[in-house]
Amino acid sequence: MKSEHEGSVESGSGPELLDGLVSLDKDSQLQRGLKSRHIQFLALGGAIGTGLFVGSGGILAIVGPLPLWLGYLSQMFVVWCVMNAIAEMTTYLPMRGITLPYFTNRYVDGSLAFAAGWNYWYAYAILVAAEASAGAILLDYWKTPVHPAVWITIILVVCLALNIIAVEVFGEAEFWFASIKLITILGLIIMGIVIMAGGAPNNEAIGFGTWNNPGAIKPYVATGSWGNFLAYWTAFVRAGFSFITSPELIGLAAGETVAPRRNIPKAARRFLYRLALFYGVSSLILGCLVRSDHPRLLSPESNANASPWVIGIQEAGIGGLNHVINAAILTSAWSAGNAFLYSGSRILYSLAATGQAPHIFTKTTRRGVPYAAVLGTWSLGLLAYLNVSENGATVFTWFMNISTISGFIAWIVVLITYLRFRSALKFQGLLDTLPFKTIGQPYLSWFVLVLVSLLTLTNGFQTFVIKTSDGGFDYKNFLAAYITIPAFVLLYVGHKITHRSPLAKPLADIDVVTGKKEMDEWCESDVKPVPKNWVQRIWFWIA
């Protein structure tokens, strides 16, 4: 049973729109402001946030250095598979206005798309509030006389300005935000290697000494092999926060990207290598610089004092760099909030364009920026002011937990959508028309789908084992771990009952053709830039 707008092309005085949402008009396809370097650094900027700088220390304190490293490596594999699925779909139809819930509606089911769209939106919107709160806490590290509410206001207003002016301004700002973070992390990695080799002022070559004392693994919940495995699984789950929604950023930006069939695959291929450098290498070094039983790792303060980088540098006798690291963490929080506001606004615009949110959120500026959706998403970010209250830290933690599980659910929907998309192409004999193909499909997507489902269901397993201080059930952490699941189910079931639609569209009814011809013709005009010298050759390889 097809929806009212499915497959329909609206025309008239405005640009030609498919399903009332995505543009097939050739002139509108030229209004793309995001270049290759923008989308590559956009995805990395979203992936590199406070999770890498601070959250990694919390994992280290709970399970030790080896599970920390393996947890990040495992999560990188999951993100790579999700990124490949998104890149294949968006490269096939890189139309202006596309979002991942649009693909879900087109290839799977309207009810699943409805639930996924709202799940994405509130995850992104809450992350805006969370990153603004984190930024205010980080600024308070310098003990300025300025009230935290002022810092939150400055952060939110800057993010709003960067998102509402024009997409070119947003992309350029995110490129420089991410560049600062990447340069900082590279410097920290090099410095970490120097410290491990004995180049610090204390002249102590620590190497992998922390893996022997206090040990590589801290068994979690249980003892023996089972405790070791649960330590790894806990690190695997918690490492997910650092990567949540980062692969989707490329998919959301595809419709506003210059030469998408050249730049989207380019970004997808290089994403894993860059994650391996920044997360794989840095998590390995962190486990060597800081003992897992260091008392400051357990500090409840959400600032650079809890960063394992700060602890490792100060233990090595290096002074003064704590301010630099804190500034880098602040930049990462600001950058992530900027990217989350962009993504959430595009999701809300999509929901409104398809009649699943108030129509007012379809309003755009003359330059095509959905300002009403930006303001709507930004307004939920005002919850950051709860951080000023007595319970601000508790609210901040809940926001983080809810967003993490929302991200896992979103990945499940993405993989289901991709598998239906690929099955429809195969059923209709069009699989060979894919302009970008990744290895191991569809088997890797099936494997990761099962894996992420297990991560979602076992996210709060410790609440069933670890009791509170008075011996009771830890219901607060249980709710934080699982409340998003029934919320998503209620959205899906409610929409399904209301619209009385089948579980999923038959393969023969899935539209994988409309828009393909227009995109093929438009992408044929793309001329690949040719480097004129060795400097340009290096730059084209990087960006």
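The following paragraphs examine the structure supplied in this document. Since the model is a prediction, treat every value here as computed from it, not as a measurement.

1. Digging into the overall build of the protein chain
Here is step 1 of the chain: Scanning the protein chain for helices and strands turns up 21 helices and three strands.
Here is step 2 of the chain: In the protein chain, buried positions account for 57% of the 543 residues.
Here is step 3 of the chain: Looking at the protein chain alone, contacts between residues at least 24 apart form 80% of all its contacts between residues at least 6 apart.
Here is step 4 of the chain: Accessible surface, the protein chain as shown: approximately 22,000 Å² in total, 65% of it carbon and sulfur.

2. Re the packing of helix H4 (residues 65-92) against helix H17 (residues 443-457)
Here is step 1 of the chain: The contact between H4 and H17 brings their axes to 10 Å, and the two run at 125 degrees. Judged by the angle between their axes, H4 and H17 are oblique. As H4 packs across H17, the resulting crossing turns out to be left-handed. Within the contact between the two elements, H4 uses Gln75, Phe77, Val78, Trp80 and Cys81 and H17 uses Leu444, Phe447, Val448, Leu451, Val452 and Leu455.
Here is step 2 of the chain: When the residues that make up the contact of H4 with H17 are grouped by side-chain class, the tally is 10 nonpolar, one polar and no charged.

3. Considering a nonpolar patch on the surface
Here is step 1 of the chain: A contiguous nonpolar patch, built from Val221, Phe464, Val465, Ile466, Phe473, Tyr475, Leu479 and Ile483 and spanning about 700 Å² of accessible area, is present on the exposed surface.
Here is step 2 of the chain: Along the polypeptide, Phe473 turns up in the loop between H17 and helix H18 (475-482).

4. Regarding the nonpolar core
Here is step 1 of the chain: Grouped together as the largest cluster of nonpolar side chains are 146 residues, with contacts concentrated most on Tyr107, Trp411 and Phe421.
Here is step 2 of the chain: Considering each element in turn, this core owes the most residues, 19 residues, to helix H6 (residues 110-139).
Here is step 3 of the chain: The residues contacting Phe421, other than those within four sequence positions of it, are Glu88, Met89, Tyr92, Tyr107, Leu434 and Val512.

5. Some remarks on the packing of aromatic side chains
Within a pair of aromatic rings, the relevant descriptors are the distance that separates the centres and the angle that separates the planes.
Here is step 1 of the chain: One pass over the structure, following the stated rule, counts 26 aromatic pairs.
Here is step 2 of the chain: Ring plane angle 45 degrees and centroid distance 4.5 Å describe the contact between Phe243 and Tyr279, whose orientation is recorded as tilted. Taken together, the positions of Phe243 in helix H10 (residues 224-243) and Tyr279 in helix H12 (residues 260-289) put the pair 36 residues apart, joining distant regions of the chain. As far as the burial class goes, Phe243 and Tyr279 line up, both buried.
Here is step 3 of the chain: Here a set of aromatic residues connected by ring pairs shows up, and it is made of Tyr92, Tyr102, Phe103, Tyr107, Tyr418 and Phe421.

6. Let's talk about the environment of Thr365
Here is step 1 of the chain: Along the polypeptide, Thr365 turns up in the loop between helix H14 (321-353) and helix H15 (371-380).
Here is step 2 of the chain: The exposure class of Thr365 is partly exposed, given its relative accessible area of 26%.
Here is step 3 of the chain: Through-space distance from the C-alpha of Thr365 to that of Ile164 is 8.6 Å; in sequence the pair is 201 residues apart.

7. Comments concerning the pattern of salt bridges
Here is step 1 of the chain: On inspection of all chains with the given rule, the structure shows four salt bridges.
Here is step 2 of the chain: Between Asp511 and Arg106 there is a salt bridge, and its shortest N-O distance comes to 3.6 Å. A residue pair is termed long-range when its members are at least 10 positions apart, and Asp511 in the loop between helix H19 (484-499) and helix H20 (516-523) and Arg106 in helix H5 (residues 100-107) qualify at 405 residues.
Here is step 3 of the chain: Note on Arg106: relative accessible area 2%, which makes it buried.

8. Focus on the side chain of Gln441
Here is step 1 of the chain: Note that Gln441 resides in the loop between helix H16 (392-427) and H17.
Here is step 2 of the chain: Separated by 2.7 Å, the side chains of Gln441 and Ser445 make a polar contact.
Here is step 3 of the chain: In contact with Gln441, other than residues within four places in its own chain, are Asn84, Glu88, Tyr418 and Arg422.

9. Structural notes on the side chain of Ser74
Here is step 1 of the chain: Relative to the assigned elements, Ser74 resides in helix H4.
Here is step 2 of the chain: Ser74 gets classed as buried once you look at its relative accessible area, which sits at 17%.
Here is step 3 of the chain: Only 2.8 Å separates the side chain of Ser74 from the backbone oxygen of Leu70, close enough to count as a polar contact.
Here is step 4 of the chain: If we ignore the near neighbours within four places in the chain, the residues touching Ser74 are Tyr232 and Phe236.

10. Examining the packing of H4 against H10
Here is step 1 of the chain: Their axes nearest at 7 Å, the elements H4 and H10 cross at an angle of 55 degrees. What the angle tells us is that H4 and H10 run oblique. For the pair H4 and H10, the crossing hand works out as right-handed. Within the contact between the two elements, H4 uses Pro67, Leu68, Leu70, Gly71, Tyr72, Ser74, Gln75, Met76, Val78 and Val79 and H10 uses Ala231, Tyr232, Ala235, Phe236, Ala239, Gly240, Ser242 and Phe243.
Here is step 2 of the chain: When grouped by side-chain class, the residues that make up the contact of H4 with H10 number 13 nonpolar, five polar and no charged.

About the cut-offs
Residues numbered from 1 in each chain as written. Predicted model: local features only at pLDDT ≥ 70, side-chain atom pairs only at ≥ 80, totals over all residues. Heavy atoms only, no water. Helix = DSSP H or I, 4+ residues; strand = E, 2+ residues; numbered from the N terminus. Buried < 20%, exposed > 50% of the residue type's maximum accessible area, 1.4 Å probe, protein only. Contact = heavy atoms within 4.5 Å. Areas by Shrake-Rupley, 256 points an atom, 1.4 Å probe, with all protein chains shown as cover. Axes fitted to C-alpha atoms, helices over the stretch in contact; angles between N-to-C directions. Parallel < 35°, antiparallel > 145°, perpendicular 65-115°, else oblique. Left-handed = near helix turned anticlockwise from the far one by under 90°. Nonpolar A, V, L, I, M, F, W, Y, C, P; charged D, E, K, R; others polar. Patch = residues over 30% accessible without salt bridge, like charges linked within 9 Å, V, L, I, M, F, W, Y side chains within 5 Å. Salt bridge = Lys/Arg side-chain N within 4 Å of Asp/Glu carboxyl O. Core = buried A, V, L, I, M, F, W, Y, C linked by side-chain atoms within 4.5 Å. Phe/Tyr/Trp six-rings, centres within 6.5 Å; stacked < 30°, edge-to-face > 60°. Polar contact = N/O pair within 3.5 Å; in protein donor to acceptor, adjacent residues only side chain to side chain.

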